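An overview of the molecular structure
These are the residues of each chain, in order.
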Amino acid sequence: MKMPFLQAIKERVLVLDGAMGTMLQERGLKPGQSPEELNLTAPEIVAGVHAAYLEAGADIIVTNTFGGSSAKLEHYGLADRVAEINAQAVRLAREVAKESAYVAGSIGPTGRFVEPVGDVTFDEMAAIFREQAKALIVAGCDLITLETFLDIKEIRAAVIAIRELSAEIPIIAMLTFEEKGRSVLGSPPEAAAITLEAVGASVIGSNCGLGVEGMYEVLKAMRQVTSLPLICQANAGLPILQHGHTVFPDTPEQMTAFHDRLLELGVRVIGGCCGTTPAHIAAMQQALEGKQRPFMQKENDGTTWLSSRGAFAAIGPNAPVAVIGERINPTGKKLYSQELREGKVSYIRREALEQTALGATLLDVNVGTPGIDEPAAMERAVFCITGAVQTPLVLDSSSPEALEAGLKAADGKVLINSVNGEEKSMAAVLPLAKKYGAALVCLTLDETGIPATAEGRAAIAAKVAGRAQAYGIDKSQLVVDCLTLTVSAEPKGALVALDAIKQVRQELKLNTVLGVSNISFGLPCRPLISSTFFSMAMHSGLTAAIINPKEAPMMAAWRSAMVLLGRDPNAGAYIEAYKGQTANVPVTATLEQSGAQGAAPVAAAPEGIRGRLARAVIEGEQESVVALVEEALAEGLTPMEISSEALLQGLEEVGRRFESGAFFLPQVMVSADTMKAAFARLKQELKSGGIQSLGKILMATVEGDIHDIGKNILVTLLENHGFEVIDLGKNVAAARILEEALAHKVDAVGLSALMTTTMAQMDKVVRLLKEEGVQTFTMVGGAVVTQQYADEIGADLYAKDAMEAVARIKKLLAK
């Protein structure tokens, strides 16, 4: 009998099998046919692929269920057969593997995005994965493997759904990364690793998209923030076209060239993705001979890692003290409170941008205003902030329902603010933190109130830590708030808080946080007291602080302390913030003094309505853009002037920020939605002004491919840039593309493909258009498409992403 999978990878590196789609295609899978349907209609073909990989030496056989969710099967009229198809797939793999190999139930992405980037709610997405995973688990798979995910939010929902079904089933979770080192939606490997470990993945890594060399760099980045076992499932190089067929060039020997370095990183599963064959798998197994050694998992060094979709942050003794921006809180803020009642988010977006630019490491999000739907408000706030900045979040609420709404809306690992020593609080909040993979602020109070001594507060921290451990929450996920009482009412309150910080850090080895400005409440010139206390707290062991980044003395105290405590190497951040300044520190910080790294630029908008409209597009101000359009019309601007001199100028800047890495796809889509709102108003003026089209584009995902995420994004951006788009959808035959191109007399035909098995259809379409003498440009793109492939099939244009596609087609048509 095999030992449990997780025990096995501690003792030796396991080899997972190779590509399924290309093997099925060679054995008779027809274009446009569901690969998963073969489990029912041609089980001998599927079993034959499994047998070939087992014979080659694979330790893990992966089921033919990559597209076995209802979201994918519905394209073939099979949505009601999820359980049947997935159960049969497990049976086929098990019959071949017997006791010689593990059976991994494969789950792939749905082809849709979770809100707010897409139109699927978190609960809907989780339900799709729960249905498929249940069928695989009931049928008896040994583990689940989540493959080729593009969106951290989608794969996060998948892991959470599976963990609802089983706390024990091992989960391999893999994202696909691009050559620039991020996922399609902008997640760096570190943020992905933090998020996936938090929600309960057992093994993490990457598959598809890259060859083994690129994947090594991805996994090396992941290793900096996680101690979990890693998996490498690379393609056999990047695809090329040979004699009308898609070929992956890397030989079995080339794919084993990084074995030694992968083993040093702690990779415990090695397998193949697109283009790999039984020969590649045999070479991988052979290359491991004499190199097997036990996995030595490193202990957590006490760092609390947090993440968003596009960034990550650390709280811990070896990191700079984390600055938690406190401004998104309605206490004492009439404007913000009113916006919350009206369901608006302008204040939230503005504060998120400004606090991030001023150096906030994390953003506290509090929407607690009487008379509102707090869960709905929390969801809106999280959607707004994640569309504006990449800063990880702190969800601040006493309502478990609001916290859960925020946890579902989040796209990374957040910090919950807060749990305390009361039984009611621990019973309500700890399960949420465990389920959604969140860290916790732990308030040192309980049913008896706030202890007057440092020892009493440390004792509550120890109690909460013990209870958290019982839920499976490691103490590294706890950040203890030793509580700051105003010194004007409690003269010794500051000393007690400082002593408590020292005890919690030195005796319990837990991270700490304070709401620093509470210390000065009721006193004049509060920043002086607060900043002095802040410096004392950092010296005492404080690892995070809730402060106002707009208060220059507080930020000055922080930057100075980081230099003096040895957490700002060579005083680099300090020098960047204050170079060229006088010795005087102003009371209010400005964006120019921030020295913030990684924040999107917040430059002053040009004077006039054109600049304000451009800024609205850049910052995604959907609530205000229509009113600005009205103002522009009232000033006498024509629709064409508003479009070309204001709105498109903003969108061009969004493109530049995307290209530079300051913006990522979620921010691009928010800006696109803002453009859409503005154009909807301008269309009412078309009779009087009119907006000239830049050209007519036909878009389609080629035959056999049911993936259309990238195409849909490009369609939206093309329309926003002034093109007329005819969208034929997905799985479109070459003959229909030809017919529609002729009927609409289009300027360009755009073709998308995500699967290597459907790339050849692009060649077919391009040749057909040329043979029929259609006078149009052709552009191609998709996750598996390259410039070399585009050149080989004779396409006029290739783009690696939607923003580049827009820029290139504009340039091409302008000629």
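Attention here is on the structure that accompanies the text. Values in this document were obtained by computation on a predicted structure and should not be read as measured data. (Residues numbered from 1 in each chain as written. Predicted model: local features only at pLDDT ≥ 70, side-chain atom pairs only at ≥ 80, totals over all residues. Heavy atoms only, no water.)

**Structural notes on the overall build of the chain**
Our working rule: Numbering of helices and strands starts at the N terminus; helices are DSSP runs of H or I of at least 4 residues and strands are runs of E of at least 2. Between the two quantities, the radius of gyration covers C-alpha atoms and the globule rule is 2.2 Å times the number of residues to the power 0.38. The cut-offs for exposure are 20% and 50% of the maximum accessible area for each residue type, with area from a 1.4 Å probe on protein chains only; residues under the lower value are buried, those over the upper are exposed, and the others partly exposed. We call two residues in contact whenever any of their non-hydrogen atoms come within 4.5 Å of each other. Method for areas: the Shrake-Rupley scheme with a 1.4 Å probe, in which residue coverage is limited to the protein chains shown. For the purpose of counting charges, residues Lys and Arg are taken to be positive, whereas Asp and Glu are taken to be negative. His and the chain ends are not included. Charge positions come from single atoms, namely NZ of Lys, CZ of Arg, CG of Asp or CD of Glu.
In terms of helices and strands, the chain carries 32 helices and 25 strands. The C-alpha radius of gyration computed for the chain amounts to 28 Å, which stays within 12% of the reference 28 Å derived for 815 residues, consistent with globular compactness. Seen along its three principal axes, the alpha-carbon backbone of the chain occupies a region of about 85 × 80 × 50 Å. The 815 residues of the chain split such that 60% are buried. Excluding contacts between residues fewer than 6 apart, the proportion of contacts in the chain whose partners are at least 24 apart in sequence is 75%. Here the chain displays about 31400 Å² of accessible surface, and carbon together with sulfur accounts for 52% of that area. Counting 74 positive and 95 negative side-chain charges, the chain places the centres of these two groups 3 Å from one another.

**Examining helix α15 (residues 346–357)**
Under the convention used in this document: By this rule, a helix spans an expected 1.5 Å times one less than how many residues it contains.
The end-to-end C-alpha distance of α15, which contains twelve residues, comes to 17 Å, matching closely the 16 Å that a straight helix rising 1.5 Å per residue would cover. In terms of burial, α15 is a largely internal element, ten of the twelve residues being buried. Of the positions making up α15, those classed as buried are Ser 346, Tyr 347, Ile 348, Arg 349, Glu 351, Ala 352, Leu 353, Gln 355, Thr 356 and Ala 357. Those residues of α15 hidden inside the fold are in contact with β13 (322–328), α14 (334–342), β14 (362–365), α16 (374–388), α24 (609–619) and α25 (622–634).

**A word on the pattern of salt bridges**
Worth spelling out the cut-off: Only one rule defines a salt bridge in this text: a Lys or Arg side-chain nitrogen within 4 Å of an Asp or Glu carboxyl oxygen.
All told, the structure shown has 32 salt bridges when counted by the stated rule. Close ionic contact of Arg 94 with Asp 142 constitutes a salt bridge, the shortest N to O distance being 3.1 Å. Residue Arg 94 is located in helix α6 (residues 82–97), and its partner Asp 142 is located in the loop between α7 (122–139) and β4 (143–149); the two are separated by 48 residues in the primary sequence. Since its relative accessible area comes to 22%, Asp 142 is described here as partly exposed. Linking Arg 130 and Glu 164 is a salt bridge whose minimum nitrogen-to-oxygen distance equals 2.7 Å. Here the residue Arg 130 occupies a position in helix α7, and Glu 164 occupies one in helix α8 (residues 152–165), the gap between them amounting to 34 residues.

**Things to note about the pairing of strand β3 (residues 102–107)**
In plain terms, the rule: One bridge is not enough; two strands pair if DSSP finds at least two bridges between them. Handedness of a crossover is defined as follows: orient the strands so they point away from the viewer, and if the path from the first strand over the helix to the second runs clockwise, the crossover is right-handed.
Where burial is concerned, most of β3 is hidden: six out of the six residues are buried. Here β3 shows two buried faces, one formed by Tyr 102, Ala 104 and Ser 106 and the other by Val 103, Gly 105 and Ile 107. Relative to β3, strand β2 (residues 60–62) is paired through three bridges, and the arrangement is parallel. Note that in β3 the partner of Ile 61 across the bridge is Val 103. Alignment of β3 against β4, held across four bridges, turns out to be parallel. Within β4, the position partnered with Ser 106 by the bridge is Thr 145. Assessed by its sense of winding, the connection that carries the chain from β3 through α7 to β4 is right-handed.

**Looking at the pairing of strand β16 (residues 415–420)**
In the case of a regular strand, side chains alternate between the two sheet surfaces. Burial of β16 is extensive: six of the six residues sit out of reach of the surface. As paired strands, strand β15 (residues 393–396) and β16 are joined by three bridges and run parallel to one another. Bridged to Asp 396 within β16 is Asn 417. At this point the chain moves from β15, through helix α17 (residues 400–409), to the parallel β16, and the crossover so formed is right-handed. Across five bridges, β16 lies against strand β17 (residues 439–443) in parallel orientation. Along β17, the bridge assignment pairs Ile 416 with Leu 440. The parallel pair β16 and β17 is bridged by helix α18 (residues 423–436), and the resulting crossover is right-handed.

**Re the sheet that holds strand β21 (residues 696–701)**
Heads up, the condition is: Fitted lines through C-alpha atoms serve as axes, helices being fitted only where they are in contact, and the angles separating the N-to-C directions of these axes extend from 0 to 180 degrees.
Strand order in the open sheet formed by five strands is β22-β21-β23-β24-β25, and the pairing between neighbours is parallel. The open sheet has two free edges, formed respectively by β22 (724–727) and β25 (797–798), since each of these has just one partner strand. Both β21 and β22 contribute to a ladder of four bridges, which runs parallel. Directly across from Leu 698, in β22, lies its bridge partner Ile 726. Contacts from helix α28 (residues 709–720) reach β21, β22, β23 (748–752) and β24 (777–781) within the one sheet, and its direction differs from that of β21 by about 170°. The strands touched by helix α29 (residues 734–744) within the sheet are β21, β22 and β23, with β21 carrying the most contacts at an inclination of about 170°.

**A word on the nonpolar core**
Note that soluble globular proteins tend to have their nonpolar side chains buried in a common cluster. Rules: Think of a nonpolar core as a cluster: buried Ala, Val, Leu, Ile, Met, Phe, Trp, Tyr and Cys residues, connected wherever their side-chain atoms sit within 4.5 Å.
If you look at the biggest cluster of nonpolar residues, it comprises 159 residues, and the most contacted ones within it are Leu 146, Leu 196, Leu 219, Leu 262, Ile 385, Leu 440 and Phe 534. Setting aside anything within four residues of it in sequence, one finds Leu 196 in contact with Ile 152, Ile 155, Val 159, Ala 173, Leu 175, Ala 201 and Ile 204. Counting 49 residues, the second-largest nonpolar core is a separate cluster that includes Leu 628, Phe 663, Met 669 and Ile 713.

**Focus: the sheet that holds strand β20 (residues 544–547)**
Taken together, eight strands build a closed barrel; the order of strands is β13-β14-β15-β16-β17-β18-β19-β20 and the barrel is parallel. Looking at each pair of strands side by side, their axes are set apart by 30° on average, direction ignored. Direction of pairing for β14 relative to β15: parallel, over a ladder of three bridges. Note that in β15 the partner of Val 365 across the bridge is Leu 395. Sheet contacts for α18: β16 and β17; angle to β16, the most-contacted strand, approximately 155°.

**Side note on unusual backbone geometry**
Glu 115 connects to Pro 116 through a cis peptide bond whose omega is 5°. Omega for the peptide link from Asn 417 to Ser 418 comes to 25°, which places this bond in the cis form. Its place among the elements puts Ser 418 in strand β16. Of note in this structure, Lys 509 is not a glycine but carries a positive phi near 60°. Tracing the backbone shows Lys 509 in the loop between α20 (493–506) and β19 (511–515).

**Some words on the packing of helix α21 (residues 526–540) against helix α22 (residues 552–564)**
The angle between the axes and the distance between the axes are what describe a pair of packed helices. Here is the rule we go by: An angle below 35 degrees is treated as roughly parallel, one above 145 as roughly antiparallel, one from 65 to 115 as roughly perpendicular, and anything else as oblique. Crossing handedness follows the turn of the near helix against the far one: under a right angle anticlockwise gives a left-handed crossing, and clockwise gives a right-handed one. Nonpolar residues are Ala, Val, Leu, Ile, Met, Phe, Trp, Tyr, Cys and Pro. Charged residues are Asp, Glu, Lys and Arg, and all others, Gly as well, are polar.
For the pair α21 and α22, the least separation of the axes is 9 Å and the interaxial angle reads 25°. Judged by the inter-axis angle, α21 sits roughly parallel to α22. As for how α21 packs across α22, the hand of that crossing is right-handed. On α22, the residues touching Pro 527, Ser 530, Ser 531, Phe 534, Ser 535 and Met 538 of α21 are Pro 553, Met 554, Ala 557, Trp 558, Ala 561 and Met 562. By residue class, the composition of the contact of α21 with α22 is nine nonpolar, three polar and no charged.

In short, shape yes, function no, at least from these values alone.
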